[in-house]
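This is what each chain is made of:
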Amino acid sequence: MKRIIIAILAAAILASCSRDTEFTVEGTLVDGSTMNMRAVYYDNGQLQTSVFPADKGHFAFKGKTTEGSVVELLTNDYRLIGRFFAGPGDEIKLTVDPRSPSKIKVEGNDIAQRWAQLTTANARLLDSRDKSAVDAFVAKYAAAHPDDMVSTLLLLTSYDFAGDPAGAERILAKIDPEARPAWLVDSYTLNLQRVGKQAAEARALPFSYIDERD
């Protein structure tokens, strides 16, 4: 009998811990698309991926994050269509414009909501290929809001780290430590490394050695 009680208590504790780290998402694609989607993010150094359908623009999925994660929304062929911040226990509602990764409406998380409002208001710039202008925008925002985690989120996702790593480090150093927690910076750095590796592999073309016998 004692073993049964212990087992029940253990199951209850595990279920409680699972609920504490779980976040839920309900979303709408403004163009009403029907497609397969992916959510990709890091938690505790581990890549997490969820695949789910969007039916006539409506989708839903669940994830788990210990402290918080930047979640990227991708089409089935890995095209970025949006990103948001999710914390443990969040119940998030999204409105996503697949034509613009920066245009997104978020409800259910204050940090995510403010970040989404900022990127949506500046979507034309952030979606452009003008890296110097985007970097300048990020630097200006972070300098004006060093105590806001949105500055860190904007820096990690919009600044050209590959082109100006020293500039990115200078901006990050000026953000208050409380607004740039290590778990956030480290997890998204892993994501940048993953994306960079994939891009490098895609650029590497196969070749064969040709000699006089060919």
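Reading the values: rules and limits
Residues numbered from 1 in each chain as written. Predicted model: local features only at pLDDT ≥ 70, side-chain atom pairs only at ≥ 80, totals over all residues. Heavy atoms only, no water. Pairing = 2+ DSSP bridges. Helix = DSSP H or I, 4+ residues; strand = E, 2+ residues; numbered from the N terminus. Axes fitted to C-alpha atoms, helices over the stretch in contact; angles between N-to-C directions. Contact = heavy atoms within 4.5 Å. Parallel < 35°, antiparallel > 145°, perpendicular 65-115°, else oblique. Left-handed = near helix turned anticlockwise from the far one by under 90°. Nonpolar A, V, L, I, M, F, W, Y, C, P; charged D, E, K, R; others polar. Buried < 20%, exposed > 50% of the residue type's maximum accessible area, 1.4 Å probe, protein only. Lys, Arg positive; Asp, Glu negative; His and termini not counted. Salt bridge = Lys/Arg side-chain N within 4 Å of Asp/Glu carboxyl O. Polar contact = N/O pair within 3.5 Å; in protein donor to acceptor, adjacent residues only side chain to side chain.

Comments concerning the sheet that holds strand β3 (residues 46–54)
Spatial strand order, β3-β2-β5-β6: four strands in an open sheet with antiparallel pairing. Among the strands making up the open sheet, the edge pair consists of β3 and β6 (80–86). Strand-to-strand twist of the sheet, defined as the mean angle between neighbouring strand axes without regard to direction, takes the value 20 degrees. Summarising the sheet, strand β2 (residues 35–43) and β3 pair through nine bridges and their orientation is antiparallel. Note on β3: the bridge partner recorded for Val 40 is Thr 49. Strands β5 (69–75) and β6 of the sheet are contacted by helix α2 (residues 110–121), whose axis makes an angle of about 145 degrees with β6.

Considering the packing of helix α4 (residues 131–144) against helix α5 (residues 149–158)
Taken N-terminus to C-terminus, the directions of α4 and α5 make an angle of 165 degrees; their axes are 9 Å apart at the nearest point. Taken together, the axes of α4 and α5 lie roughly antiparallel to each other. Note that α4 runs across α5; the crossing there is left-handed. Mapping the contact onto sequence places Val 134, Asp 135, Phe 137, Val 138, Tyr 141 and Ala 142 in α4 and Val 150, Ser 151, Leu 154, Leu 155 and Ser 158 in α5. When its residues are assigned to classes, the contact of α4 with α5 shows eight nonpolar, two polar and one charged.

Thoughts on unusual backbone geometry
For Lys 56, which is not glycine, the phi torsion reads 50 degrees and is therefore positive. With respect to the helices and strands, the residue Lys 56 is situated in the loop between β3 and β4 (58–64). Taking the relative accessible area as the measure of exposure, Lys 56 reaches 63% and is therefore exposed. The backbone phi angle of Tyr 78 is positive, close to 70 degrees, even though this residue is not glycine. Within the secondary structure, Tyr 78 sits in the loop between β5 and β6.

Examining the side chain of Asp 43
Of note, Asp 43 is situated in strand β2. The buried charged residue Asp 43 lacks any salt bridge partner; its closest oppositely charged side chain belongs to Lys 64, at an N-O distance of 9.1 Å. Reaching out from Asp 43, the side chain makes a polar contact with the backbone nitrogen of Thr 66 at a distance of 2.8 Å. Discounting chain neighbours no more than four positions away, the residues touching Asp 43 are Gln 48, Lys 64, Thr 65, Thr 66, Glu 67 and Ser 69.

Considerations on the pairing of strand β1 (residues 22–29)
The two faces of β1 differ: Phe 23, Val 25, Gly 27 and Leu 29 on one face are buried, but Glu 22, Thr 24, Glu 26 and Thr 28 on the other face are not. Here β1 pairs with β4 via seven bridges, running antiparallel. Paired with Val 25 across the two strands is Phe 61, which belongs to β4. Here β1 runs beside strand β7 (residues 91–96); their pairing, made up of six bridges, is parallel.

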